[in-house]
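# Summary of the model geometry
The primary structure of each chain is shown beneath.
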Amino acid sequence: SEKKSQHQRIGLEIKQSTKFYLVPRDKCIKTQYCNIYSARYLNLVKRFQIDSEDPQFIELIQKIQDQKGTIKAIGTLFKEMKLKPYYFSQNQNKALQGRSYIHIQDYVSNEDVCYLEDGSGRIKLQISNAILCLPNKKEKIVNVSDLVTGITLMIEGQIVANNIIKVEKFYLPSLPETPMLKQLNSNSYLCLISGLNYNALESTTKYRHMIDYLQGNLYSGEGGDIPYNISQVIFTGNLYCKLEETLDQQSLQQDFKGVFSKIQLNIKGVDELISQLASVTPVAVMPGENEPVSQMLPQTPLHRSHFPETFEKEHQLILLSNPTEFTLGDLKILGTSGQNISDIKKCSQVKNQEDVDLLEMTMFYGNIAPTAPDTLISFPQKDQDPFVLQELPNIYFVGNMQKFGTKMVADNVRIVSVPAFSETGTICLINLSTLECFPVIIQ
Amino acid sequence: MQAPVELLLEPQHIQQFQKELNVLLAKQKNFGGKEPIVKIEVCQKESIRYYKGDNKKQNYLKIYVVQPTFVAQIRNFLKSDNRMVCDMELPQLTFESNIPYALRFMIEYDIVGMGWIELKDYIIRENKNKISSCQIEVNIDCQFVKAIPLDEKSEIAPLRILSFDIECAAEKGFPNEEHDPIIQIACIVKVHNRNEELIRVVFTLGDCEKIPGAWVKSFQKEEDLLNEFQVFFQGLDPDIIIGYNIQNFDIPYILNRAQNLKLKNYGKFGRIPTDQSTIKNGKFLSKAMGMRETKDINIEGRIQLDMMIHMMKEHKLSSFSLNNVSFQFLKQQKEDVHYSIIYTLQNKNPETRKRIAVYCLKDAELPILLMDKLCCLYNYAEMARVTGVPVNYLFMRGQQIKVASQLLRKAKHYDFIIPTEHFKSTDQEYQGAFVLDPVKNFYKVPIATLDFASLYPSIMMAHNMCYSTLLNTSPFKVGLADEQVTVSPETNAIFVKPNVRKGMLPLILEDLINARKKAKNQLAQETDPFKKAVLDGRQLALKISANSVYGFTGAQVGQLPCLEISASITSFGRQMIQFTRDTVLEHYSKKNGAEFDAEVIYGDTDSVMVKFGDYSVEKAMALGREAAALISKKFIQPIKLEFEKVYYPYLLMNRKRYAGQLWTKPDKPDKIDTKGIESVRRDNCFLIRKMVTEILNFLLIKQDEKSAVQYTKEQIRNLYLNKVDISELVITKSLNSKKEDKDNNNNNNNNNNKEKKKNQNEDDGNKLTKNYKQKQAHVVVAEKMQNRDASNAPSAGDRIAYIIIQGAKGTKTYENAEDPVEVLEKDFPIDFDYYVNNQIKKPIMRLFEFVIPNPESIFVGDHTMSRYIPKVNINSALGKFVQKKTACLNCKKVIKDNEALCNFCLDKTLEMMTKSSIKLQELQINYHKYWTTCQSCQGSLLGDILCSNRDCEIYYKRIKVQRDLKEQWDEIDKLYAQQQ
């Protein structure tokens, strides 16, 4: 405890932006999903470099008939996936298989077809080894299986048949301006932890170790003073383990008490951990897909009643939405609990790529959740797409990934893929002065 | 006609006769002073009716006329009383005088419909001399037209197919051709056998945004739109016109609109420019479909294939809406934009008009997809080829002409001629097929099914039954010994055996059956998908044709009815079924060394169901095969009893009403086979269809009666607890025109009065009294909708969906029918008792009747006791006197409006929050699933979902989940708000 006092933690304040807080719901539930695509398109179309004199560029897809040869057009990509479990295919399977639903984890098939759409119409794309031009001037070869619904693109290609275009090149919108980075006077760290998947029925030793480490009570050799310089800990979703029982309305009535008693144990366990941690360092929590709260993105924050002990002791705990956007001191931070990236993996062949590369791609797409609302469950929006990147953050993190990874996407822009703690024992630390980022593995 | 003897003495007599007959005829106004007859020939023929002895050819006069229409006129003249020519009274009976001209020509030259012909020695007409819009016209003598046999050239020509759909905008109700304009016509053109479409065009009234992949042609005036469509149509020169309900709606609407707009020269859609297409109201009588009102539109030289009529003819469906049909066959739900929305969209802007155009194009595309999917063209082409009729006969005419065509062709070959008889419909009936009374039960042992393969055709062949082999006198009189004839059982009709004379009908049947064998062999070897489709179409056509021969002989208003034949066929059939039963019972009995006494539990027309005993499926199959072989031996070729399948288990509920698990291989069952079970009828709500299917799964696959009962009880409990999805309770009925409804009501009244007299004592609570006009639930709902929003009111032909809600005591059921959308929005309480007692009970009781001892018990007990108590409805009459109060989520104590829990229950916040969230998550997942499914069905990410397809279950779910989600979310918001 003597050591603790030598290191004064820098107090940095979290200021949440309102972006991921919802507009009044009664209006929105009657809003249709299509509006989010329109908002996305209108937002991103401005970010393409277009030469208005270019005769090959067609402003509206419907005008494609007036064109011959090579054309360029901007639109939203739609990938028709044969395996996507639509309502009807699900019900047919249900009839075949008795009463159980089939869970298809992977929607990718050889028969998938891509379309490009703007408000005026839709054209079919023929894609074989097309070039994807990234905003960082690099290029990539892509096929249908690499692409997902919802990204906004400019295509360059040949009209090969009625309403069919063979795509040669895809362009992505340009990145917003790079953010500033202010140096801090002393070392200060942001700690990211995801996927506790806390299960009260299993051993909780590793969680204790983690808390011990963060409290500075665990000897960790070199860099042993880091824990004392952590200004903020963020838990990015999946605090609790997934419920084994899938509950529908019917069984809920009968079995709720039993299920709740299990949930309650997990909630209590996590509350204890966080209460301990928050006694020494500021903590913020985001909900994830396992949490018993609203599932539609943006997810509403957890509730005070999930952390009765922490709040009773008046520790420093902030409840964040998912995705979340806030400033920590002068740093802009954006993060999600991972649903956006997992869904992209389901819908494309990119699952073999490094998680951090997928994060980077969402930066390049200018949209952190392109597959919402098509396959990613999200809230209907009236005239905005909150997932569009209006400005670059200093830090963009995504939780509940498989592997740790980090990259600088642009100057002063750090991205981090935070692996699930329950699987890897990994927590991530970011130096807030240098944006240097590294994992710490707690055995 | 048969030649009068006097004419045959001297050759000049015939010429004299022709002259006098011409003079006589010319006086008749029908002939316009022309001499109709060009030539009269004497020929040696025999009437097909009755065996009259060996080689009994007689002299007949073959009359050639100038114009095809004169054939019928002369026939009528001969039928009349003043048929004296040259002092001779001419015979009244004519032969083959009622054959359509085109068919006559084809028969003479052995040409078949959809076949190929070769022309020799022709001259191509110059353009200026052409009388049609065909690409090529030739002058040729008919003798140089030669049919190419199908073995040499069997592909179908690259026919040009136009599919189209029109949209009309009506301010109120269903479009009326007097004042509601055609606003769009969408056309899709395709060439048969080629995958890609040639072109898609949409003609629009008012500017319309472009559509990728389609040509949009916009017009400011409806007249211009219609004219341009005609120009496009003529230029395109399609061979086949298809669409959905085009014959009774689209084409007549276009023609009538043109007339109302006083367009000149309109309606030239045929290949003969001088012939305008006009609408004839007709009635189409067919035994298969009954009497229907139709509209016939003459479009010369093109085939009209209305997919709706096709579907109605070929398939039994609960609804023939394009939505339902495409869902059933293409597994695509179709967006359905209600016609009242179309009016609004049309009057807004080019963007909204584009929305209609996209929808309209989809409606034009679906018939093509359906046609391809169902191989319609192949099947029709093969049917035309097999029966030899022009392909359009298949759409316009019934079954008879097909058999007649084959009979005429065969008869011509054997010098038979067919009398043109005039029959009045008689009430004479003959005994039909034999049905062995079912021994109703739930059989948990394998039941083997023995079938006679093509029963009626094989009887006709085996016993050589034909017009030309039937005796109308004793065998002795025509010089035949008893062993040279067959006498039918019961009817005692006498037919000569094939060694005396082979009948025409058996010859036709043999050809058909051999051809089918050949086609099936080729089909098995063929790999090319197009040729496969042709061959499959052919074997199907051959099968249908073989089966329709029997019907031809029995059709009393038909061309050549012969009840001796049809009645004898069924009498043979009955005898065979009985014989089969007796043989089985005799052979497979303990008395004859079998392990069990076999039982015949049911037999219908051509099949017998046998319970051999408590054997395995495999053993039952072996016995079935053995029995089939044993019994087949006792019949004359080609009659054959076949063993095909075993049912195990088998639920036999009544005549033509059964369900069973079907096995064709001993190792695993094929499927569940049902007959006569209400799983498809639309009058039943989806819930009952679902329940019947599930119960059968329990009984037949899992063979778990307990679970079946439990499942049923669970469903009833759920229903009473309001846990059944509303879309499962929707009942739909189609709204007839007002007049028809009135007629129906009158009929109902009459019938009911009659019945009432019969059963004076019976309780007739639901029946009508004389002055009381019965209303039907769907009519009531239609009226309610009309009163709420006249512009959105349903009209005749619409399907009305409704739900029965709870009404005040003593109200009639129909008064409590309500629009499902209204029920959803206003949260009306559903009349669960109605659903249990009037919808579910009967069919479920039938299923369980032989399964459990007391099926009534399913409908009584605890599970029927707890009821959903509806929230008092602010919108209901009672609701006005009730003040809405908020209750604590946990203890139901009354609390303030913005609170979720009372002060005493605040410590339950987490529990309530968790419970509420789990409900919320399920609703969110459903919300997302429904709305994204509709978004993708609608075919665009960026367009609003407008669909109001009430045949689609998502429609209601979509609305309901919106409301439920909001409610649930409000609850959570209150929980969030309260403790902060």
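All residue numbers here refer to positions counted from 1 along the written sequence of the relevant chain. Chains and ligands are labelled sequentially in the order written, the chains with letters from A and the ligands with numbers from 1. Per-residue local features are limited, in this predicted model, to residues with pLDDT of at least 70; the limit for side-chain atom pairs, both in listing and counting, is 80 or more; totals at the level of whole chains, interfaces and linings are taken over all residues. Excluded from the side-chain calculations are hydrogens and water; all other atoms, namely the structure's heavy atoms, are used.

### Here we look at the overall build of chain B
Runs of E in the DSSP output that reach at least two residues are strands. Runs of H or I that reach at least four are helices, and both are numbered from the N terminus. Within chain B, the secondary structure is distributed over 25 helices and 35 strands. Taken along the three principal axes of its C-alpha coordinates, chain B extends 120 × 90 × 65 Å. Type-normalised accessible area, obtained with a 1.4 Å probe on protein chains alone, sets the label of each residue: buried when under 20%, exposed when over 50%, and partly exposed for intermediate values. Considering chain B as a whole, with its 980 residues, one finds that 51% of them fall into the buried category. For chain B, contacts bridging at least 24 residues in sequence account for 67% of all contacts bridging at least 6. Using the Shrake-Rupley algorithm and a 1.4 Å probe, accessible areas are obtained, with residue cover drawn only from the displayed protein chains. A total accessible area of about 47,100 Å² is found for chain B, and carbon and sulfur atoms account for 49% of it. Between the averaged position of the 138 positive side-chain charges in chain B and that of its 123 negative side-chain charges there is a distance of 2 Å. Contact definition: two residues touch when any of their heavy atoms are within 4.5 Å. When charges are counted, neither His nor the chain ends are considered; positive counts come from Lys and Arg and negative counts from Asp and Glu. Charge coordinates come from a single atom per side chain, which is NZ of Lys, CZ of Arg, CG of Asp or CD of Glu.

### Looking at the sheet that holds strand β14 (residues 240–243) of chain B
For sheets, the rule is that strands pair by backbone hydrogen bonds, running either parallel or antiparallel. Residue and element names in this part refer to chain B. Within the open sheet, the six strands sit side by side as β13-β12-β11-β10-β14-β17. Their pairing is mixed. Of all the strands in the sheet, just β13 (215–219) and β17 (303–306) have a single pairing partner and so form its edges. Across the sheet, the axes of successive neighbouring strands diverge by a mean angle of 20 degrees, strand direction being ignored. Note on pairing: two strands pair once DSSP finds at least 2 bridges between them. As judged from the four bridges shared by β14 and β17, these two strands associate in the parallel manner. Within β17, the position partnered with Ile 242 by the bridge is Leu 305. Note on geometry: axes are C-alpha line fits, over the in-contact stretch for helices, and angles between N-to-C directions span 0 to 180 degrees. Sheet strands touched by helix α5 (residues 246–260): β10 (160–168), β11 (182–191), β14 and β17. Its angle to β10, the strand with the most contacts, is close to 70 degrees.

### A look at the pairing of strand β17 (residues 413–419) of chain A
Residues and elements named next belong to chain A. Counted residue by residue, β17 has seven buried out of seven residues, so it is predominantly covered. Burial along β17 is two-sided: Val 413, Ile 415, Ser 417 and Pro 419 facing one way and Arg 414, Val 416 and Val 418 facing the other are all buried. Relative to β17, strand β15 (residues 395–401) is paired through five bridges, and the arrangement is parallel. What sits directly across from Met 401, in β17, is Pro 419. Between the antiparallel neighbours strand β16 (residues 405–410) and β17 lie two residues, among them Asn 412 with a positive phi of about 65 degrees.

### Some points on the domain arrangement of chain B
Residue and element names in this part refer to chain B. Annotation comment: domain bounds sourced from an automatic or database domain assignment. Taken as a whole, chain B is organised into domain 1 (11–97), domain 2 (160–375), domain 3 (435–675), domain 4 (686–864) and domain 5 (885–978). Using only C-alpha atoms to locate each centre, domain 2 and domain 5 end up separated by 42 Å. The interface of domain 2 with domain 5 comprises twelve residues on the first partner and ten residues on the second. Here domain 2 packs against domain 5, burying approximately 940 Å² in sum over the two surfaces, 52% of which is carbon and sulfur. A quick way to say it: buried area is the sum, across both parts, of accessible area lost when two parts are put together, with a 1.4 Å probe. Area buried by domain 2 at its contact with domain 5 is led by Gln 333, Glu 335 and Arg 355, which between them contribute 50% of it. Polar contact is defined as a pair of N or O atoms within 3.5 Å, subject to the rule that within protein one atom must be able to donate a hydrogen and the other to accept it, and that residues adjacent in sequence are counted only when both atoms are side-chain atoms. Counting across the domain 2 and domain 5 interface gives one residue pair in polar contact (both at pLDDT 80 or more). Elements supplying a minimum of two residues to the side of domain 2 that touches domain 5: α7 (322–330) and α8 (339–346). Throughout this entry, Asp, Glu, Lys and Arg are counted as charged residues, while Ala, Val, Leu, Ile, Met, Phe, Trp, Tyr, Cys and Pro are counted as nonpolar. The remaining residues, Gly among them, count as polar. Of the residues assigned to the side of domain 2 that touches domain 5, the class counts are two nonpolar, six polar and four charged.

### Topic: the nonpolar core
Residues and elements named next belong to chain B. For the purposes of this section, nonpolar cores are sets of buried Ala, Val, Leu, Ile, Met, Phe, Trp, Tyr and Cys residues that join through side-chain atoms within 4.5 Å. Ranked by internal contacts, the top residues of the largest apolar core, which has 117 residues, are Leu 407, Tyr 467 and Phe 612. Each of domain 2 (160–375) and domain 3 (435–675) accounts for three or more of the residues forming this core. When neighbours within four sequence positions are excluded, Tyr 467 is seen to be in contact with Ile 48, Arg 49, Tyr 50, Tyr 51, Leu 407, Leu 505, Phe 552, Thr 553, Leu 560, Cys 562 and Ile 565.

### Comments concerning the sheet that holds strand β24 (residues 485–487) of chain B
Residue and element names in this part refer to chain B. Reading across the sheet, the three strands line up as β23-β25-β24 and stay open at both edges, with antiparallel pairing between neighbours. The sheet is open, and its two borders are formed by β23 (470–471) and β24, each paired with just one other strand. In terms of strand pairing, β24 meets strand β25 (residues 494–496) through three bridges, oriented antiparallel. If you follow Val 485 over to β25, its bridge partner there is Val 496. Helix α16 (residues 563–587) contacts β23, β24 and β25 of the sheet and is inclined by roughly 95 degrees relative to β25.

### What about the interface of chain A and chain B?
Taken together, the contact between chain A and chain B spans 72 residues of the former and 60 residues of the latter. Summed over both sides, the interface between chain A and chain B buries roughly 5,800 Å², with carbon and sulfur atoms accounting for 59% of that surface. By convention in these notes, a salt bridge is any Lys or Arg side-chain nitrogen within 4 Å of a carboxyl oxygen on Asp or Glu. The tally of links between chain A and chain B comes to one salt bridge. Counting the contacts that link chain A with chain B gives 15 residue pairs in polar contact (both at pLDDT 80 or more). For the side of chain A that touches chain B, the secondary-structure elements that each account for two or more residues are α2 (25–28), α3 (34–44), β2 (70–80), α4 (87–96), β3 (113–118), β4 (121–126) and α6 (249–278) of chain A. With ten residues, the single largest contributor to the side of chain A that touches chain B is α6 of chain A. Each residue belonging to the side of chain A that touches chain B can be placed in one class, and the counts come to 30 nonpolar, 27 polar and 15 charged.

### Quick look at the pairing of strand β27 (residues 607–611) of chain B
All names here are of chain B. For β27, the tally of buried residues reaches four of five residues, placing the bulk of the element in the interior. Strand direction decides the pairing type here: strand β22 (residues 447–452) and β27, joined by four bridges, are antiparallel. In the sheet register, Thr 449 faces β27, and the bridge partner there is Met 609. Bridge count for strand β26 (residues 599–604) against β27 is five bridges, and the pairing is antiparallel. Paired with Asp 604 across the strands is Ser 607, a residue of β27. Where β26 hands over to β27, the hairpin turn is made up of two residues, of which Thr 605 adopts a positive phi near 55 degrees.

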